[in-house]
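As a plain string of letters, each chain reads:
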Amino acid sequence: MIELHEHRIKRLKMRSMRRGIKEMDLILQHFAERQLESMDDAGLTHYDAMLNENDHDLYQWVTGQIAPPEPYVALIEAIKNDLPGHCV
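Everything numeric in this text was worked out from a predicted model, so none of it was measured.

Draft legend 1. Here's a closer look at the packing of helix 1 (residues 5-17) against helix 2 (residues 22-35). Following both chains from N to C, one finds helix 1 and helix 2 inclined at 155°, their axes separated by 7 Å at the closest point. With respect to their mutual orientation, helix 1 and helix 2 come out roughly antiparallel. Of the residues in helix 2, those in contact with Lys13, Ser16 and Met17 of helix 1 are Met24, Asp25, Leu28, Gln29, Ala32 and Glu33. Residues belonging to the contact of helix 1 with helix 2 are distributed by class as follows: four nonpolar, two polar and three charged.

Draft legend 2. Focus on the nonpolar core. Leu28, Leu36, Tyr47, Met50, Ile76 and Ile79 are the most contacted members of the largest nonpolar core, which totals 22 residues. Contributing elements (two or more residues each) for this core: helix 1, helix 2, helix 3 (41-50), helix 4 (55-62) and helix 5 (73-82). Looking at this core, the element that brings in the most residues is helix 2, giving five residues. Beyond its immediate sequence surroundings of up to four residues, isoleucine 79 is in contact with Ile27, Leu28, Phe31, Tyr47, Met50 and Val62.

Parameters and conventions
Residues numbered from 1 in each chain as written. Predicted model: local features only at pLDDT ≥ 70, side-chain atom pairs only at ≥ 80, totals over all residues. Heavy atoms only, no water. Axes fitted to C-alpha atoms, helices over the stretch in contact; angles between N-to-C directions. Helix = DSSP H or I, 4+ residues; strand = E, 2+ residues; numbered from the N terminus. Parallel < 35°, antiparallel > 145°, perpendicular 65-115°, else oblique. Contact = heavy atoms within 4.5 Å. Nonpolar A, V, L, I, M, F, W, Y, C, P; charged D, E, K, R; others polar. Core = buried A, V, L, I, M, F, W, Y, C linked by side-chain atoms within 4.5 Å. Buried < 20%, exposed > 50% of the residue type's maximum accessible area, 1.4 Å probe, protein only.

Right, here's the structure in full:
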């Protein structure tokens, strides 16, 4: 069964705000609300794959504590740039 585009966005928004740590809930929820609807299917697939990563790793990537793996460099940079005031 093929997932409708709007259902996929809704599912990804839910996954973005129901993470393992509160900081990532807030960061990813903000990004998802502002950016997912403008993403194409390839972008949504890439974001979906990133959501499978460990929250502690994601947090370290977004805060610059460690470099993200190559496939996620541009996406993590987009998430960081979308934060209000680029606070991390």
